[in-house]
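# Structure at a glance
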Amino acid sequence: MRFIILLMMISMSFSEKLSEKFDIANSYYNNSKYNKSIQLYEEIINEGFHSEYLYYNLGNAYYRNGMVGQSIWAYNKAISLNPRKESVKYNLEIVSSKIKDRVILPSEFLPVQIYINVKSVFSYYEWVMIGSLMILFTACFFVAFKLFIFNNHIAKKINFISTLITFVVHLIVLDVFLEKNEKQFGIIVFDNVSAYSGPFYGDNTVLFTLNEGTKAQLSQKQGDWFEIVILNGGKAWVPKEKIRVL
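Here's a quick rundown of the structure. As the structure is a prediction and not an experimental result, all values here were calculated from the model.

Scoring rules and cut-offs
Counting from 1, residues in each chain are numbered in the order their sequence is written. Given that this is a predicted model, residues contribute local features only at a pLDDT of at least 70 and side-chain atom pairs are listed and counted only at 80 or more, while totals for whole chains, interfaces and linings are drawn from all residues. The side-chain quantities take in all heavy atoms of the structure and omit both hydrogens and water. Axis definition: a line fitted to C-alpha atoms, over the contacting stretch in the case of helices. Angles run 0 to 180 degrees between N-to-C directions. Runs of H or I in DSSP of at least four residues are treated as helices and runs of E of at least two as strands, each being numbered from the N terminus. Small angles under 35 degrees read as roughly parallel and large ones over 145 as roughly antiparallel, with 65 to 115 read as roughly perpendicular and the rest as oblique. Each crossing gets its handedness from the near helix: less than a right angle anticlockwise from the far helix is left-handed, clockwise is right-handed. Contacts are assigned to residue pairs with any non-hydrogen atoms lying within 4.5 Å of each other. Following the grouping adopted for this structure description, the nonpolar residues are Ala, Val, Leu, Ile, Met, Phe, Trp, Tyr, Cys and Pro, the charged ones are Asp, Glu, Lys and Arg, and the polar ones are all others, Gly among them. Here the term buried applies to any residue with accessible area under 20% of the maximum for its type, exposed to any over 50%, and partly exposed to those in between, with areas from a 1.4 Å probe on protein chains only. In this count, Lys and Arg are taken as positive residues and Asp and Glu as negative ones, while His and the chain termini are left out. The salt bridge definition used is simple: a Lys or Arg side-chain nitrogen within 4 Å of an Asp or Glu carboxyl oxygen. Residues adjacent in sequence count toward polar contacts only when both atoms are side-chain atoms; beyond that, a polar contact is any pair of N or O atoms within 3.5 Å, and within protein one must be able to donate a hydrogen and the other to accept it. Two strands are counted as paired when DSSP detects at least two bridges linking them. Every patch collects residues that have over 30% relative accessible area and no salt bridge, joining them within 9 Å if they carry like charges and within 5 Å if they are nonpolar side chains (Val, Leu, Ile, Met, Phe, Trp, Tyr). The Shrake-Rupley method, run with a 1.4 Å probe sphere, supplies the accessible areas, and residue values consider only the shown protein chains as cover. Expected span of a helix, by definition, is 1.5 Å for each gap between consecutive residues, and there is one gap fewer than residues.

For the pair helix α3 (residues 52-64) and helix α4 (residues 68-81), the least separation of the axes is 8 Å and the interaxial angle reads 165 degrees. Here α4 runs roughly antiparallel to α3, going by the angle between their axes. Here α3 runs over α4; the crossing is left-handed. In contact with Glu52, Tyr55, Tyr56, Leu58, Gly59, Asn60, Tyr62 and Tyr63 of α3, α4 contributes Gln70, Ser71, Trp73, Ala74, Tyr75, Lys77, Ala78 and Leu81. When its residues are assigned to classes, the contact of α3 with α4 shows 10 nonpolar, 4 polar and 2 charged.

Given below as structure tokens:
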């Protein structure tokens, strides 16, 4: 019991310390001391605390400091925690428009676009929670249905619809899970980054140049290098210090 109380006290003290540091970082930001605010926000992240507000403020600080790539990284992290935060989406769109030679893909086929929009309404953990609640509801209703508590035509329809929704939700959960674990992305955080044909330097091995803020899929890692795939299908290697993993 004493051990549990001690853990609670340590946790409360740790939370208060982070909250105080967050307030100081916000104060620095409000006074246009962006470098200092960025340093404190990053320290909070390194200490293991993550929230949409933290990444949102960090993105704003990076943007004010003229660091497009870092701000895009931070805004993407905020959206991953809360896909419905419109202010983050708005800021991300503004800063993304400043990427040099920005690649804009054509619109997806309408049903695909609708599915993507639906999937992006909730975060992965929110979809898992919704799926769990749907299983609980469907199971309880099924038991009640079998016990003839709701033995009528409407009850059969409700049971069918809830089962169908549960199935669809879990397909979405599976899709988001696979995307989250099998497809890792990163943001180029420096300008004029050379992309190489292999995990080594050499003027004759440069395939193309990447601009700050470019989003790329991480294919594999080898030593201090990442193999990346960009939106137009180009594949190359970049030093890991040039890209920040989402």
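Moving on, we come to the side chain of Glu52. Within the fold, Glu52 resides in helix α3. Here Glu52 is buried and forms no salt bridge, its nearest opposite-charge partner Lys85 lying at an N-O distance of 4.1 Å. Side-chain polar atoms of Glu52 contact the side chain of Asn82, separated by 2.8 Å. Here Glu52 is in contact with Ala78, Leu81, Asn82 and Lys85, once residues within four sequence places are set aside.

So, about the pairing of strand β1 (residues 184-188). Working note: regular strand, side chains alternate between the two faces of the sheet. Both β1 and strand β4 (residues 215-222) contribute to a ladder of 4 bridges, which runs antiparallel. By the bridge assignment for β4, Gln184 is matched with Leu218. One ladder, built from 3 bridges, connects β1 with strand β7 (residues 243-245); its direction is antiparallel. Bridged to Gly186 within β7 is Val245.

Moving on to the environment of Phe200. With respect to the helices and strands, the residue Phe200 is situated in the loop between β2 (193-196) and β3 (206-210). By relative accessible area, Phe200 is classed as partly exposed at 41%. A sequence separation of 39 residues divides Phe200 from Pro239, and the C-alpha atoms of the two residues are 8.7 Å apart. Those residues in contact with Phe200, other than ones at most four positions away along the chain, are Thr205 and Trp225.

Opposite charge on two side chains permits them to pair, given that their charged atoms come into close proximity. Taken as a whole and assessed by the stated rule, the structure comprises 6 salt bridges. With its nearest N and O atoms 3.2 Å apart, the salt bridge here joins Glu43 to Lys21. Here the residue Glu43 occupies a position in helix α2 (residues 34-46), and Lys21 occupies one in helix α1 (residues 2-30), the gap between them amounting to 22 residues. On the accessibility criterion, Glu43 (28% relative accessible area) is partly exposed. Taken together, the shared-partner salt bridges connect Lys21, Glu43 and Glu47 into one network.

Among the surface-exposed residues, Phe160, Ile161, Leu164, Ile165, Phe167, Val168 and Leu171 lie close enough to one another that they form a single nonpolar patch of about 680 Å² accessible area. Within the secondary structure, Ile165 is located in helix α8 (residues 153-182).

So, about α3. Each turn of an α-helix holds 3.6 residues, which means side chains three or four residues apart point in the same direction. Helix length check: α3, at 13 residues, gives a terminal C-alpha distance of 18 Å against a target of 18 Å (1.5 Å per residue), a fit within 8%. Taking burial as the measure, the 13 residues of α3 include 10 buried ones, the bulk of the element. Buried within α3 are the following residues: Glu52, Leu54, Tyr55, Tyr56, Asn57, Leu58, Gly59, Asn60, Ala61 and Tyr62. Within two residues after α3, Gly66 carries a phi angle of roughly 80 degrees, on the positive side.

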